[in-house]
Amino acid sequence: MEKIANKVRETARLALANGEVNKILGWKKGDFWYDSYPAFITEEEGTASLIWDSFCVANLSKYLIEQLKEDIKVGVFLKGCDARAFNQLLKDNRVDRDKVVIYGLPCPGMIDPEKVKKAGLAKGLLDVQKSEDEVVFITKEGEQKFSAREFAYDKCLTCQYPNPVVYDELLAEEVERNNTTEYFYQDVEEIEKMSPDERFAYWVEQFSKCIRCNACRNVCPACSCEKCIFDNSKANVAGKAKVDSEEQFFHIVRAYHVAGRCVDCGECSRVCPVGIPLAKLNRKIIKDITEFYGEHNAGVNPSLDAPLETFKLEDIDPFETRAKGGK
Amino acid sequence: MSLENKQISSENTSNFKPLIVAFCCNWCSYAGADLAGTSRLNYPANVKIIKVPCSCRVNPNFVLRAFQRGADGVVIAGCHPGDCHYTSGNYYTRRRFTLMKNLLEYVGLEPERFKVDWISAGEGNKFAAVMNEALEQVHKLGPNRKLRDARWKR
Amino acid sequence: MKVLKKEKFPQIWQAINQAYELYLPIEKDDRVNFAQWTEGETVNLEALKTEISPKDVIFPQSETYLKFESDGKKLQLESVESENREYVLFGVRSCDAVSFNLIDNVFLREPIDRLYEKRRNKGTIVSLACSEPEENCFCSSFQIKPEEASPGVDVAAWDLGDKILWKPVTEKGQVLTQKFAQLMEDASQQDQEELIKLQNAIKEKVKELPLASVDPKVIKGELKEIFESKVWDELSQSCLGCGACTYICPTCHCYDIQDFAGGNCGERFRCWDSCMFSEFTLMAHGNPRTTQKQRFRQRFMHKLVYYPNNHGSYACVGCGRCIEKCPVNMNIVKVIKRLGGEG
Ligand code: SF4
Ligand code: SF4
Ligand code: SF4
Ligand code: SF4
């Protein structure tokens, strides 16, 4: 990855130097091994601090909404899932393609610091290095090698589009990752198998953890409304009480509002500070859409209509209970 | 079975009177309800009808809100596909609520508690039948607690 | 000073639970948070920090003030008194214990917050020293000593392997200790020595922590100068404007008052709010802070400048939760360093 990181810096430097863009969105390294965070760079010298490592998980595409409010051209580094997110923003008319230069980064999968912590490897950890399918943890005492899959984010384990689906320049060779789709709906199917009461109990317990911090919404590239109903005190749905029904309302509506537009980036589940498996809601909707209206991978091809923006006369009709007619 | 017989007498079994909220399209099912009324077809009084200009006006939030504030069952009734007053509104309804219904069931709501059906202005009979059936099924399930706001009082 | 053997834990939880509500760090789905104890829960006193701070025990996420009901003619109002029993909050770390005092500064000064005061007075707080501080801890930057009994706690406890040392500090702590004294033993000379060893070990570990050198005093200058610093433009760019940092933070204490309208009945309640939200402090004329930069600045100015001006101490205890939980790795340490001219 270091070779590509050099390319990231060089590309950014050149782009700023020859005025191709006015600002670069990339990642920088902070105090800790897992701390790769979004960087906004306007000066050529600043590009030296850019990085590309296994913790560049933050999706930079949603920042474009805010950044493009100024009349500037922005260069942005996007991974596979980020590129789908970008396309969805494009589709939702939230960004202007002409004002963005996309540097695509084929993604080898990102490492989940929580999994590292859980395995008891975080203590004294100085650096984490990743090659093809191996990850090396470096401490003062020495090195330890593991299979990278063990520590990858769940979302990366089922990722179908590690290579950016939209870019102006691709900074590395496309990666081949044969994540099978076999397990894609496994979690959803497990829940579907339960009885209604079991399902309800499961979700009540999950939702009751929610602190209503809105991280899942704010990180989501499909949640880009100018004014979210949950921020609109006049909509009378922004109840912030810690009661089950408000939580259920929030979660059902959040998932439903991104139906057909969710790019399956998994960011919502990743950022939830209390670990609610939000992806299991999104995936359920994706599964139903696939089953009823055919496969639709939001953000892959922005010229296609989202499933809820359109209809077909011959759509399935689960509602018709009696033949038409009579009085 | 005649409609009269089919109608459940809630007093007998318990004193649970299910509350059904029915969103009815102004151009068809609302008129269907009217017809049911004028033809003296029995349909239960505890179906609260909310008139909407088109079934696609029903925001999923409305459905959730109804459950939060006391509904034991919710019905959305619109024109038959192909007959929408605005040409295509109900086709959207169909997609939206196919997904919504599945999602609600996925979080644990019983399928019988949420229904969508197509009822034309001429189908007074069907209106009564759909409502009676909804009521009957909900009655069997008992009062709804799921999605209900605990702070809400009848 | 007393000693409580760990094998007696189940017994003492049961006993305390008879007389009090008992809050403990409880593990569920691999995550540890304070919750009310009931038989069969997995208590985890090893995990250093709970995911969310225990502030919701003394300042619940939402709390009803008032209930109202109307019969169409008359509106009936009913003030809600908290029905809580006395409670014991066991296993609070030093940073979180100090955070309670910081919240007290806000709620227990005139005008005193009635609900908060009541709830606070009903609590007996037992702290547990941090034998193994973590990488993102920086409590020492705020003069917090995780090896000692933090000011304000009723009982201080230290983990000595198969037992804990138990030291009542306040009257309330004495009462609690006396009630359950039959489950404890007196601490021996050897225990005392072990305690000193442990305390010294903790002190050493804290010094070695990667963030030990973080010092909020690097933020100097006039309020206005800090307020207008260019740093805010730069740092706030990555902020998503979610409330994760404020809701997991032990010292954030802002709340909103809302009504639940249920037709002919309703409730007025308060609930946590976050300065990061666009409708925070929304007033009739609109919102005084319209951009994310302003909202971001508010959070950190409050913690590092306004609160210290009002109450004489920083409103951060260095628990490190925001470091762990921010979706984009923005946090107070980055802000302190940057305001201090670093980076
Ligand atoms: S979801 Fe795919 S593209 Fe996104 S970080 Fe994971 S592997 Fe990379
Ligand atoms: S709902 Fe979650 S997975 Fe879907 S686009 Fe939004 S953040 Fe990504
Ligand atoms: S991120 Fe998690 S805790 Fe925050 S609002 Fe979303 S689901 Fe709730
Ligand atoms: S600002 Fe961060 S470190 Fe400070 S008390 Fe809050 S969560 Fe802890």
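Note that the structure is a prediction, hence the values are computed from the model and not measured. (Residues numbered from 1 in each chain as written. Chains lettered and ligands numbered in written order. Predicted model: local features only at pLDDT ≥ 70, side-chain atom pairs only at ≥ 80, totals over all residues. Heavy atoms only, no water.)

### Structural notes on the site of ligand 2
Point 1. Close to ligand 2 lie C220, P221, R254, V258, C262, V263, D264, C265, G266, E267, C268 and N282 of chain A.
Point 2. Residues of the shell around ligand 2, tallied by class, amount to seven nonpolar, two polar and three charged. (Near = heavy atom within 4 Å. Nonpolar A, V, L, I, M, F, W, Y, C, P; charged D, E, K, R; others polar.)

### Let's talk about the domain arrangement of chain C
Residue and element names in this part refer to chain C.
Point 1. Annotation of chain C at the domain level lists domain 1 (2-69 + 76-207) and domain 2 (216-339).
Point 2. The straight-line distance from the C-alpha centre of domain 1 to that of domain 2 is 26 Å.
Point 3. In this assembly, 41 residues from domain 1 lie in contact with 42 residues from domain 2.
Point 4. Together domain 1 and domain 2 conceal approximately 3400 Å² of surface at their shared face, both sides included; 58% is due to carbon and sulfur atoms.
Point 5. Between domain 1 and domain 2 we count four salt bridges in total.
Point 6. Among the ionic pairs, E63 bridges to R270, the shortest N-O distance being 3.1 Å. (Domains from an automatic or database assignment. Contact = heavy atoms within 4.5 Å. Buried area = accessible area lost by both parts, 1.4 Å probe. Salt bridge = Lys/Arg side-chain N within 4 Å of Asp/Glu carboxyl O.)

### A word on the packing of aromatic side chains
Point 1. Taken as a whole, this structure holds 39 aromatic pairs over all chains when the rule is applied.
Point 2. Consider the rings of Y202 of chain A and W203 of chain A, whose centres lie 5.0 Å apart with planes at 80 degrees: the pair is edge-to-face.
Point 3. Aromatic pair W203 of chain A and Y106 of chain B: ring centres 5.9 Å apart, planes at 50 degrees, arrangement tilted. Separated into two different chains, W203 of chain A in helix α7 (residues 196-207) and Y106 of chain B in helix α5 (residues 89-106) make up a pair that spans both.
Point 4. Ring pairing ties together the aromatic residues F59, F107, Y116, Y247, Y255, W272 and F277 of chain C, which thus form one cluster.
Point 5. The aromatic ring of F184 of chain A is capped on one face by R283 of chain A, whose charged end is 3.8 Å from the ring centroid. (Phe/Tyr/Trp six-rings, centres within 6.5 Å; stacked < 30°, edge-to-face > 60°. Helix = DSSP H or I, 4+ residues; strand = E, 2+ residues; numbered from the N terminus. Lys NZ or Arg CZ within 6 Å of the ring centre and 35° of its normal.)

### Some remarks on the interface of chain C and chain A
Point 1. At the junction of the two partners, chain C supplies 43 residues and chain A supplies 43 residues.
Point 2. A per-residue breakdown of the area chain C buries against chain A is headed by R31, E135 and Q237 of chain C, which together make up 16% of the total.
Point 3. Two residues, K337 of chain C and D31 of chain A, come together in a salt bridge whose shortest N-O distance is 2.9 Å.
Point 4. Put simply, chain C and chain A have 18 residue pairs in polar contact (both at pLDDT 80 or more) between them. (Polar contact = N/O pair within 3.5 Å; in protein donor to acceptor, adjacent residues only side chain to side chain.)

### Remarks on the interface of chain A and chain B
Point 1. Of the residues lining the interface, 52 residues belong to chain A; the matching set on chain B comes to 44 residues.
Point 2. In total, about 4300 Å² of surface goes out of reach between chain A and chain B, with carbon and sulfur atoms giving 59% of it.
Point 3. Between chain A and chain B we count four salt bridges in total.
Point 4. Between D315 of chain A and R95 of chain B there is a salt bridge whose closest N-O contact spans 2.8 Å.
Point 5. Across the chain A-chain B interface, the total number found is 15 residue pairs in polar contact (both at pLDDT 80 or more).
Point 6. Those elements that place two or more of their residues in the side of chain A that touches chain B are α6 (186-192), α7, α9 (244-257) and α11 (279-293) of chain A.
Point 7. The greatest single-element share of the side of chain A that touches chain B, amounting to nine residues, is contributed by α9 of chain A.
Point 8. Residues that form the side of chain A that touches chain B fall into these classes: 28 nonpolar, eight polar and 16 charged.

### Side note on the nonpolar core
Point 1. Formed by 176 residues in total, the largest nonpolar core has its most connected members in I24 and F77 of chain A together with F114 of chain B.
Point 2. In terms of residue count, helix α3 (residues 94-107) of chain C provides more of this core than any other element does, seven residues in total.
Point 3. Apart from the residues within four sequence positions on either side, F114 of chain B is in contact with V63, F67, V74, I76, F97, K101, L104 and L109 of chain B.
Point 4. L4, I12, I26 and W166 of chain C belong to the second-largest nonpolar core, a separate cluster that totals 23 residues. (Core = buried A, V, L, I, M, F, W, Y, C linked by side-chain atoms within 4.5 Å. Buried < 20%, exposed > 50% of the residue type's maximum accessible area, 1.4 Å probe, protein only.)

### Overview of the domain arrangement of chain A
Residue and element names in this part refer to chain A.
Point 1. When its domains are assigned, chain A resolves into domain 1 (2-108 + 162-170), domain 2 (111-152) and domain 3 (185-309).
Point 2. Summarising the inter-unit geometry, the C-alpha centres of domain 1 and domain 3 are found 27 Å apart.
Point 3. Listed by partner, the interface residues are 16 residues for domain 1 and 25 residues for domain 3.
Point 4. Here domain 1 and domain 3 share an interface that buries about 1600 Å² over both sides, 49% of which is from carbon and sulfur atoms.
Point 5. Sorting the residues of domain 1 by area buried against domain 3 places K62, R84 and K91 first, and these three jointly supply 39% of that buried surface.
Point 6. At the junction of domain 1 and domain 3, the tally comes to four salt bridges.

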